[in-house]
Amino acid sequence: MSEHNKKCLVMTEKQDDEKLEILAKSLEQDLLATYGPMLSGESLWKSLGYSSADAFRQAASRKKVPIPIFSITHRRGKYALTKEVARWIAMRRLNINES
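Bear in mind the structure is a predicted one, so any value in this text is a computation, not a measurement.

Colleague: Explain the side chain of S43 here, please?
Modeller: Relative to the helices and strands, S43 resides in helix 2 (residues 41–47). Looking at S43, the relative accessible area reads 16%, which means it is buried. Side-chain polar atoms of S43 contact the backbone oxygen of S40, separated by 2.8 Å.

Pasting the structure below:
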């Protein structure tokens, strides 16, 4: 790969990173305003694109949920940080795979 091509690739990666950060921040602000710092229940599984609570539960039991989820003592259900959900949505929108 030529030096020019390497520089172009680095520039494109930086532009993708900037787009990701801008979109993720915008989504995060919207989700924070609506749901607060954590999502759970229907807002969580719908935000992650699951068709039903059962589909989400199945993915969680198989440890296939694409972001970290957690439990809270003395509370029912699973939770995720709004920031992580927003970033995941932005990555899907921009077709970026996790590295």
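Colleague: How should I be thinking about helix 3 (residues 53–61) in this particular structure?
Modeller: Side chains of residues three or four places apart in an α-helix project in the same direction, reflecting 3.6 residues per turn. For helix 3, every residue scored as buried is listed here: F56, A59 and A60. Burial along helix 3 is one-sided: seen end-on, the buried residues are contained in an arc of 100 degrees. Exposed and facing more than 90 degrees away from the buried side of helix 3 are D54, R57 and S61. On the buried face of helix 3, the contacting elements are helix 2. Two residues or fewer past helix 3, K63 is found with a positive phi of approximately 60 degrees.

About the cut-offs
Residues numbered from 1 in each chain as written. Predicted model: local features only at pLDDT ≥ 70, side-chain atom pairs only at ≥ 80, totals over all residues. Heavy atoms only, no water. Helix = DSSP H or I, 4+ residues; strand = E, 2+ residues; numbered from the N terminus. Buried < 20%, exposed > 50% of the residue type's maximum accessible area, 1.4 Å probe, protein only. Polar contact = N/O pair within 3.5 Å; in protein donor to acceptor, adjacent residues only side chain to side chain. Arc of directions from axis to C-beta. Contact = heavy atoms within 4.5 Å.

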